[in-house]
Amino acid sequence: MDYFLPLLSSFLISFITIRLTKPIAVKAGLVDFPNSRKMHVGAIPLVGGIGIYISILTASMIFIEHSKELNLYLVAAALVLFLGGLDDRYDLSVKIRLVSQVIVASLMIFGTEQYFTSLGYILGPFEIYLGLFGTLFTVIAIIGGINAINMMDGIDGLAGSVSLITFLSLAFLLNRTGGDWVLLPILFIAALLAYLMFNLGWHRSLTKVFMGDAGNMFIGLTIVWLMVIGTDSSSNQAFRPVTALYLLAIPLMDMAAIMYRRIKKGHSPFKADREHLHHIFERAGLSRKQTLLFISSISVVFAAVGCWSEIVQVSEWIMFAVFMAIFLVYNWTLQNIWKILKKIKSL
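Everything quoted here is computed from the prediction, not taken from an experiment. (Residues numbered from 1 in each chain as written. Predicted model: local features only at pLDDT ≥ 70, side-chain atom pairs only at ≥ 80, totals over all residues. Heavy atoms only, no water.)

Caption draft 1: The overall build of the protein, seen in detail. In terms of regular secondary structure, the protein is built from 14 helices and 2 strands. Relative to a compact globule of 347 residues, whose C-alpha radius of gyration would be 20 Å, the protein shows 20 Å and is just as compact. Each principal axis of the C-alpha atoms in the protein carries an extent, and together these give about 55 × 50 × 40 Å. The buried share among the 347 residues of the protein stands at 52%. For the protein, contacts bridging at least 24 residues in sequence account for 73% of all contacts bridging at least 6. Carbon together with sulfur atoms contributes 68% to the accessible area of the protein, which is approximately 16,100 Å² in total. For the protein, the separation between the mean place of its 26 positive charges and that of its 20 negative charges on side chains is 15 Å. (Helix = DSSP H or I, 4+ residues; strand = E, 2+ residues; numbered from the N terminus. Rg over C-alpha atoms; globule rule 2.2 N^0.38 Å. Buried < 20%, exposed > 50% of the residue type's maximum accessible area, 1.4 Å probe, protein only. Contact = heavy atoms within 4.5 Å. Areas by Shrake-Rupley, 256 points an atom, 1.4 Å probe, with all protein chains shown as cover. Lys, Arg positive; Asp, Glu negative; His and termini not counted. Charge placed at Lys NZ, Arg CZ, Asp CG, Glu CD.)

Caption draft 2: Quick look at the side chain of Ser-161. Locating Ser-161 in the fold gives a position in helix α6 (residues 158-177). A distance of 2.6 Å separates a polar side-chain atom of Ser-161 from the backbone oxygen of Gly-157. Residue contacts for Ser-161: discarding those within four places in its chain leaves Leu-196, Leu-292 and Ser-296. (Polar contact = N/O pair within 3.5 Å; in protein donor to acceptor, adjacent residues only side chain to side chain.)

Caption draft 3: Representation of helix α2 (residues 48-63). Between its terminal C-alpha atoms α2 stretches 22 Å, which fits the 22 Å expected from 16 residues at 1.5 Å a residue. Residues of α2 that are buried include every one of Gly-48, Gly-49, Gly-51, Ile-52, Tyr-53, Ser-55, Ile-56, Ala-59 and Ser-60, and no others. (Expected span 1.5 Å × (residues − 1).)

Caption draft 4: A look at the side chain of Thr-166. Turning to its location among the elements, Thr-166 is positioned in helix α6. Taking relative accessible area as the criterion, Thr-166 reaches 0% and is therefore assigned buried. Those residues within four positions of Thr-166 in sequence are excluded, and the remaining contacts are Ile-223, Met-227, Leu-247 and Leu-248.

Caption draft 5: Quick peek at the packing of helix α1 (residues 4-28) against α2. Relative orientation of the contacting elements α1 and α2 amounts to 145°, with a least axis distance of 8 Å. Of the two possible hands of crossing, α1 and α2 adopt the one that is right-handed. The residues of α2 that touch α1, namely those facing Leu-5, Pro-6, Ser-9, Ser-10, Ile-13, Ser-14, Thr-17 and Ile-18, are Gly-48, Ile-50, Gly-51, Ile-52, Ile-54, Ser-55, Ile-56, Thr-58, Ala-59 and Phe-63. Among the residues forming the contact of α1 with α2, the class breakdown is 10 nonpolar, 8 polar and no charged. (Axes fitted to C-alpha atoms, helices over the stretch in contact; angles between N-to-C directions. Left-handed = near helix turned anticlockwise from the far one by under 90°. Nonpolar A, V, L, I, M, F, W, Y, C, P; charged D, E, K, R; others polar.)

Caption draft 6: Quick look at a nonpolar patch on the surface. Taken together, the side chains of Phe-4, Leu-5, Leu-8, Leu-12, Ile-16 and Leu-20 present a nonpolar region at the surface, about 570 Å² in accessible area. Since its relative accessible area comes to 35%, Leu-8 is described here as partly exposed. (Patch = residues over 30% accessible without salt bridge, like charges linked within 9 Å, V, L, I, M, F, W, Y side chains within 5 Å. Salt bridge = Lys/Arg side-chain N within 4 Å of Asp/Glu carboxyl O.)

Caption draft 7: Quick look at helix α4 (residues 94-112). The end-to-end C-alpha distance of α4 is 27 Å, a good match for the 27 Å that 19 residues give at a rise of 1.5 Å each. Within the span of α4, buried status applies to Arg-97, Gln-101, Val-104, Ala-105, Met-108, Ile-109 and Thr-112. Seen from one end, α4 has its buried residues packed into an arc of 130°, which puts them on one side. The exposed residues of α4 that point more than 90 degrees off its buried face are Lys-95, Ile-103 and Phe-110. The elements touched by buried residues of α4 are α3 (68-90), α5 (133-152) and α8 (212-230). (Arc of directions from axis to C-beta.)

Caption draft 8: Representation of the nonpolar core in the model. Among the nonpolar cores identified, the biggest contains 100 residues, and Tyr-73 and Phe-218 are the most heavily contacted of them. Of all the elements, helix α7 (residues 183-199) adds the most residues to this core, at 13 residues. If we ignore the near neighbours within four places in the chain, the residues touching Tyr-73 are Ile-56, Met-108, Trp-181, Leu-184, Phe-188, Phe-218, Thr-222 and Trp-225. Core analysis: the next-biggest nonpolar cluster, separate from the first, contains 5 residues, Met-151, Met-255, Ile-258 and Met-259 among them. (Core = buried A, V, L, I, M, F, W, Y, C linked by side-chain atoms within 4.5 Å.)

Caption draft 9: Highlighting unusual backbone geometry. The backbone phi angle of Asp-91 is positive, close to 55°, even though this residue is not glycine. Its location among the elements puts Asp-91 in the loop between α3 and α4. What makes Asp-91 exposed here is its relative accessible area of 61%. Notably, Glu-113 is not glycine yet its phi reads approximately 60°, a positive angle. With respect to the secondary-structure elements, Glu-113 resides in the loop between α4 and α5. Looking at Glu-113, the relative accessible area reads 65%, which means it is exposed.

Structure (structure tokens):
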């Protein structure tokens, strides 16, 4: 019951904001048009991210205790939302996006003096301290998280659903230690549910919207930042660094595999294409709803394994070895998927 009012407020603010800003987005040209990579019908307003941010901004200022860290987070989130909005409207170059993401990440890290300081015992009995390299590692992690969520946003509901699962896991783990930041993922859960009502068309009166790069970048930044806070051993650590891999497993694996494939082909790792996991499922014959359900279910399994492993304290090196083994199989499968499907169809 302690969370009911924050949940309700976040949901309603997100829902109302999205509904009110749709016509404004259309007039401002903040819409997504179909093309060779985007198979939706008509111009879709890109207001999901804006609605989610306004919801989080308002609810967090009411329900979360004010602090320098919270204020810096909200400022950095506004900056990355603005950057994403510009990208949605004007299709910014990769260089501009990356430089801007580095600046936002640096603002968070040096403003709060919080960053990943350790990778834990992922290689055995010795803890891997990052030292000064921790700031650079955190910048890379934030950029990775932002782009991992962005690359997931290929079919209706996918980025929102996968993010929702991650926030549910983060809320569960942070709640176990009673940290001050536990309300943030809870607010995101409600705001995302309101967005998904529009994005997935849960009622015929709710016309479709997308969250756009603004929403993807905002969510990616927040997820990684909550992981920085949750793994901070100087306070009441909520979970170990290796657990974070399981909470965002599918977006991370898909991003790493697709970038490897692009580089292998001599292309830019940031060059957009239709070779992501959800595209492969669709081309293999699954409907978009089936693809969404399948990928979301896998994400739930990974997140559940991560949370369970944290509760029973499975050795970190075992968790890391299992994750890497799954990723190697995943990567090999994606590199050879069309050969595999061809053999299956010939049987």
